[in-house]
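In case you want the letters, here they are:
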Amino acid sequence: MNILVIGGGAREHSLVWKLSQSPKVAKLYVAPGNAGTGLIAENLNVQATDLQSLAQVAREKNIDLAVVGPEVPLAAGIVDLFQSRGIPIFGPDKEATKIESSKVFAKDLMHKYGIPCAKSRGFSSFSEAKDYARSQKPPIVVKADGLAAGKGAILAYSIDDALNALSAIMQDRILGSAGDQVLVEECLEGKEVSLLALTDGKAVVPMVPACDYKRVFDGDQGPNTGGMGAYSPPNFFDTETINLVKETILEPVVRAMAKEGKPYKGVLYAGLMITEDGPKVMEFNARFGDPENQVMIPRLESDLVEIMLAVIEGRLDEIKVEWSDEACVAVVVASGGYPGSYKTGFPITGLDMVDKDILVFHAGTKAEGGVIHTDGGRVLTVTTTGKNIAEAREKVYNNLPRIHFEGCHYRKDIAQREVC
Ligand code: AMP
Ligand code: GLY
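Quick notes on the rules
Residues numbered from 1 in each chain as written. Chains lettered and ligands numbered in written order. Predicted model: local features only at pLDDT ≥ 70, side-chain atom pairs only at ≥ 80, totals over all residues. Heavy atoms only, no water. Near = heavy atom within 4 Å. Polar contact = N/O pair within 3.5 Å; in protein donor to acceptor, adjacent residues only side chain to side chain. Helix = DSSP H or I, 4+ residues; strand = E, 2+ residues; numbered from the N terminus. Nonpolar A, V, L, I, M, F, W, Y, C, P; charged D, E, K, R; others polar. Areas by Shrake-Rupley, 256 points an atom, 1.4 Å probe, with all protein chains shown as cover. Phe/Tyr/Trp six-rings, centres within 6.5 Å; stacked < 30°, edge-to-face > 60°. Buried < 20%, exposed > 50% of the residue type's maximum accessible area, 1.4 Å probe, protein only. Patch = residues over 30% accessible without salt bridge, like charges linked within 9 Å, V, L, I, M, F, W, Y side chains within 5 Å. Salt bridge = Lys/Arg side-chain N within 4 Å of Asp/Glu carboxyl O. Lys, Arg positive; Asp, Glu negative; His and termini not counted. Charge placed at Lys NZ, Arg CZ, Asp CG, Glu CD. Pairing = 2+ DSSP bridges. Axes fitted to C-alpha atoms, helices over the stretch in contact; angles between N-to-C directions. Contact = heavy atoms within 4.5 Å.

Student: Help me get a handle on the site of ligand 1, residues and values and all.
Tutor: Of all residues adjacent to ligand 1, which total 14 residues, the nearest are E185, E186, L188, E192 and E283. Within the side chain of K143, one N or O atom sits 3.0 Å away from an oxygen atom of ligand 1. Side-chain polar atom of E185 to a nitrogen atom of ligand 1: 2.8 Å apart, as the coordinates give it. Elements supplying a minimum of two residues to the shell around ligand 1: β7 (140-144), β9 (182-186) and β17 (278-285). The residue makeup of the shell around ligand 1, split by class, is 7 nonpolar, no polar and 7 charged.

Student: An account of the site of ligand 2 is requested, with residue identities and associated values reported.
Tutor: If you check the shell around ligand 2, you find D212, Y269, N285, R287, G289, D290, P291 and E292 and nothing else. In the environment of ligand 2, an oxygen atom lies 2.8 Å from a nitrogen or oxygen atom belonging to the side chain of R287. In the model, a nitrogen atom of ligand 2 is placed 3.0 Å from a nitrogen or oxygen of the D290 main chain. With the chains in place, 88% of the 200 Å² that ligand 2 exposes on its own is no longer accessible.

Student: Which residues make up the packing of aromatic side chains, and what are the values?
Tutor: Considering all chains together, one arrives at 6 aromatic pairs under this definition. Both rings, one in W17 and one in F361, keep their centres 5.8 Å apart while their planes meet at 70 degrees; by these two values the pair is edge-to-face. Highlighted residues: W17 in helix α1 (residues 10-19) and F361 in strand β19 (residues 359-362), separated in sequence by 344 residues. Judged by its relative accessible area of 23%, W17 is partly exposed. When the centroid spacing of 6.3 Å and the interplanar angle of 40 degrees are considered together, the rings of Y397 and Y410 count as tilted. Highlighted residues: Y397 in helix α12 (residues 389-399) and Y410 in the loop between α12 and α13 (416-419), separated in sequence by 13 residues.

Student: Residue-level account of a negative patch on the surface, with values.
Tutor: A grouping of E301, E322, D325 and E326 is seen on the molecular surface, where their side chains present a negatively charged patch. With respect to the helices and strands, D325 occurs in the loop between α11 (304-312) and β18 (327-334). For D325, a relative accessible area of 76% corresponds to the exposed category.

Student: I'd like to hear about the sheet that holds β7, residue by residue, with values.
Tutor: Ordered in space as β6-β9-β7-β8, the 4 strands form an open sheet in which the pairing is antiparallel. At either margin of the open sheet sits one strand with a lone partner, and together these are β6 (120-123) and β8 (153-156). The mean inter-strand angle of the sheet, taken between neighbouring strand axes irrespective of direction, is 20 degrees. Here helix α8 (residues 159-171) sits on the sheet and contacts β6, β7, β8 and β9; the angle it forms with β7, its principal contact strand, is near 0 degrees.

Just geometry here; none of it tells us what the structure is for.
Structure follows, in C-alpha cells:
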C-alpha cells in the first residue's frame, strides 16, 4: 500500500515510525513532514492545510490510505474531499470534527446526552457572557468556541480575570472568529488524563491512557505550550476507570454523534478530569494527541495499518488491538524562548549519540546540507519505554543532555510525581 501521512510534528513522526513497520506498506509519504520523517519516508512539499494540493498529490502517488494528524485539515473537510475522490482516509469528516472545532457544539451534545462534563453555558453576546460570569464563583474557565491551537481556554481566578478574558476573546478578537462564541465553564478539580479511543462509528476501543504537561516550566509554572512531555500509563487510572470512561463517556458520545447525523470514525480524544464525582470531560479532540501519541504509539503492538483499515471499513470489532505492558516517558525539547518568540536555524548535535532504545521524534526540524537544524518551537520529543515509569524516565533523562542546540530547553520533572 502507498500511504500518505498529513502533518509535520512529532505526533506525525510517531505515526510514520509505526506505519513504516507494517509489512503492508510499499511506499510511505508525509506532507510536509520534517527532518525525522524524511529519514524513514518521503517528505512532500505540501502543507497540511492545502487540501486541494493534498488531494492532487494523493492521486499522483496512488495513495491507498491517507492519515490525518492535525485538526485544521479535518475541520476544513479533508476527509470529505478525499472520500469524494475515492481515496481511503483515516479521520472524521467535517461535520463529525465539530466535536473539536466547536466547543459549544460539543458541550450541547454532552448536556443533551447526559455525558459527564463541567457545567457551562455558551454565549454569542458579550454582555450576556459578562452577566453570567459575574454570577459565578471563581475560579471559572472561559473558552473560545473554535480552534485556537491550544490557546482557547483561559483559567480565571477572579471575576475581573474572567471579564478580561471575555473582552479579549469577544471584543479584541484575539483568537479571530474562533471567539464568535464562548463558553463560561465551571472549573474542575482533580487529575487530568487523556484517554483516546479508536472507533468505526459502532465499536469503541479505548487506547492506553496518557498524561501530558502543558506548562513550559517545571512544577507547572509559566505559560501554556503545545505540550512539554507525557507519560503512559498513569498509575491513578486503572482498567476499571478505563471501562467506566468507556461506558459513561466514549460509547455514549459515539452513539450520540450517530444519532445527531454526524457518525464519527477515526480516533476520538477525551481530555478528562478525574474529579471526586468521577471522570468528567474537559474537551474532545478529533485526532491523536501531541505529545500523548509519542508515549502511546511506542506501546502499540498491533499493526497500525490494519487498525486504520478496520476503522475505515467499519470492522473494528473484528480485530484485536494489543499494547505492551511497558511504561513510556517522553520529554519535549524546545527552542529558546518558546512558547514566546524564538529563533530557528540552529544545528542540532548529538542525535546520533543517543542509546539504541531511545526514540527521537522530530517536530520543528529541517535537513539542510546534510545537517539537521531547528525549524520550530517544539523541536524534538525524546521517548523511551521501560519496565516501569521510573526506568523509562531515567533512560530518557540520561540521554537528553547528549542532544544540543543553541537555546534548547526541556522540563526536568516529566513523570517525576509518578515515580515518587
Ligand atoms: P481545552 O482547550 O478545553 O483542552 O483546555 C485546555 C486546558 O485547560 C485543559 O487541559 C485543562 O488543563 C484546562 N481546563 C479546561 N477546561 C477546564 C475545566 N473545566 N476545569 C479545569 N481546567 C480546565
Ligand atoms: N496534548 C493535547 C492535545 O493534543 O490536544
